[in-house]
Every structure is written in structure tokens, then in C-alpha cells.
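Here's the letter readout for the chains.
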Amino acid sequence: MRVILIGSTGILGSEILKACAAINIEVTSLGRQNNQYHLNIEDPSSYHILNTLEPGPDCAVINCAAVTNVDVCERPSPAISNAMLFWIRYMSNTCKFTGSRLVHISSDYVFGGTRQDIPYNISDPHCPVNKYGELKSAAEEIIITSGAEYQIYRTAANFSICSKSDKDFAYRALLAL
């Protein structure tokens, strides 16, 4: 098994990169900075790099790249939303046509957040209450209907024990104490 890790310098991507190294999984990392290969999901001219890495049935494409700042997503920015959804469509189609498995990290923001008695089920209908949730929900729908083999993981928040990034909610919470 080989992994193409997209967004490997982010909070979650860097942890997945470490976990793969610990169990000797071959990883090719893509991202905006300090990676083996440059990929910026806001720049469609960089998408071709995924195809040059020749993903195939022996490959999992793990997508950790996304616009993760909820506040930024709440501001009207069709350019960012369109770029992210265009990337999801491109990546899903690449995985479908190469036989790669797509592993996509999403968010529990696809749900309304009103259920307090029991956790949401994977099959519960989406009911996002903000633009961020709408964007994550739209991305999931593209993947589900793409025909690619996929897994979607929804997280409430991502953090790292070693992060000192203002993108890390746990780090920001500790600083606020």
C-alpha cells in the first residue's frame, strides 16, 4: 500500500505523515509548502501533479487539504468555495479512473448540531447551519456520487500535541486560559 497525502503540512496531515512513517507506509506528500510536490487547492493549474504520481489500485489518496477556517468560510467568497469543490471533483475523478481509494477528512458541521442525546449516524441527513457546513456537505456529495471508492471521516476538531499554530483550536484554547 502506498499513500498520496494531500495537505501534509497541516495539523492533521502532519500527524498522518508521522503515523505512516511509524509503520513504514510509503508516503508521497503534496501541499502548499515544504512538501515533496507542490499543490495548492486554490490553484487548478497545480492539480496535474496528482496524475503525474500515478495513483492506482495499490494507492490511497488521503485528502487533508481544505479551507479549515470556519470564519473565513462564513465570509462570502465564491472563489474559495468554487476552488475547493473543483479540487474535490478533480481528485474524486482521478481516484475513480485510476482505481485508487479516496480517504477524505470532513467535519461534523454537515449536521445541524441540535442532537444532544445520541451521536449522529453516518447515514443521518445533512443539515448544515452555516456556510462552512454547506461547503463540507457539498464536498461529501461530490465524492459520494463520483463513483470512486471512498471513505469519509468526519471530525469535530483537529489538533496536535505538538502544534503551536493559531489554526489549532486546542492551542488557541490554552492560550486563552
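Scroll up to find the structure this text is about.
Description of the structure in this document. Being a predicted model, the structure only gives us computed values, none of them experimental.

### Focus on the state of the cysteines
Applying the stated criterion to the full structure yields zero disulfides. Looking at Cys59, it has no disulfide partner, and the nearest cysteine sulfur is the one in Cys95, 7.5 Å off. According to the relative accessible area criterion, Cys95 is buried, its value standing at 1%.

### Focus: the pairing of strand 5 (residues 101-107)
Within strand 5, six of the seven residues are buried, which leaves it mostly tucked inside the rest of the structure. The pairing of strand 4 (residues 59-63) with strand 5 spans four bridges and is parallel. The partner of Ile62 across the bridge, within strand 5, is Val103. Pairing of strand 5 with strand 6 (residues 149-155), which is carried by seven bridges, proceeds in the parallel orientation. By the bridge assignment for strand 6, Val103 is matched with Gln151. Read as a crossover between parallel neighbours, the route from strand 5 over helix 5 (residues 131-145) to strand 6 is right-handed.

### Remarks on unusual backbone geometry
Although it is not a glycine, Asn24 sits at a positive phi angle of roughly 60 degrees. Secondary-structure assignment places Asn24 in the loop between helix 1 (11-22) and strand 2 (26-31). With a relative accessible area of 71%, Asn24 lands in the exposed category. For Glu54, which is not a glycine, the phi torsion comes out positive at approximately 50 degrees. Residue placement: Glu54 occurs in the loop between helix 2 (49-52) and strand 4. On the basis of relative accessible area, Glu54 is assigned to the exposed category, the value being 63%.

### Quick notes on the pattern of salt bridges
Pairs can form between side chains of opposite charge whenever their charged atoms are close. This model, assessed by the stated rule, comprises five salt bridges. For Arg2, the salt bridge goes to Asp58, with nearest N and O atoms at 4.0 Å. Of this pair, Arg2 sits in strand 1 (residues 2-6) while Asp58 sits in the loop between helix 2 and strand 4, placing them 56 residues apart in sequence. Between Glu15 and Lys18 there is a salt bridge, with the nearest N and O atoms lying 3.1 Å from each other. Of this pair, Glu15 and Lys18 both sit in helix 1, three residues apart, which is roughly one turn of the helix. Owing to a relative accessible area of 27%, Glu15 belongs among the partly exposed residues under this scheme.

### What about helix 5?
Side chains that are three or four residues apart share a direction in an α-helix, a result of its 3.6 residues per turn. Over its 15 residues, helix 5 extends 21 Å from the first C-alpha to the last, a length consistent with the 21 Å expected when each residue adds 1.5 Å. Residues of helix 5 that are buried include every one of Tyr132, Gly133, Leu135, Lys136, Ser137, Ala139, Glu140, Ile142 and Ile143, and no others. Two residues or fewer past helix 5, Gly147 is found with a positive phi of approximately 90 degrees.

### Some details on the sheet that holds strand 6
With respect to topology, six strands assemble into an open sheet ordered 3-2-1-4-5-6, the strand pairing being parallel. Unpaired on one side and paired on the other, strand 3 (37-38) and strand 6 mark the two borders of the sheet. Packed onto the sheet, helix 1 meets strand 1, strand 2, strand 4 and strand 5 and runs at close to 160 degrees relative to strand 1. Set on the sheet, helix 4 (residues 78-98) makes contact with strand 1, strand 4 and strand 5; between it and strand 4 the angle comes to about 170 degrees.

### Comments concerning helix 1
Relative to the 16 Å expected for 12 residues at 1.5 Å per residue, helix 1 spans 17 Å between its end C-alpha atoms, a close match to the ideal helical length. All of the buried residues in helix 1 are Ile11, Gly13, Ile16 and Cys20. Looking at the buried side of helix 1, the elements it contacts are strand 1, strand 2 and strand 4. The first or second residue beyond helix 1 is Asn24, which carries a positive phi of 60 degrees.

Rules and cut-offs
- Residues numbered from 1 in each chain as written.
- Predicted model: local features only at pLDDT ≥ 70, side-chain atom pairs only at ≥ 80, totals over all residues.
- Heavy atoms only, no water.
- Disulfide = S-S within 2.5 Å.
- Buried < 20%, exposed > 50% of the residue type's maximum accessible area, 1.4 Å probe, protein only.
- Helix = DSSP H or I, 4+ residues; strand = E, 2+ residues; numbered from the N terminus.
- Pairing = 2+ DSSP bridges.
- Right-handed = clockwise from strand over helix to strand, strands pointing away.
- Salt bridge = Lys/Arg side-chain N within 4 Å of Asp/Glu carboxyl O.
- Expected span 1.5 Å × (residues − 1).
- Contact = heavy atoms within 4.5 Å.
- Axes fitted to C-alpha atoms, helices over the stretch in contact; angles between N-to-C directions.

Everything listed here is a matter of coordinates, which is why it stays silent on function.
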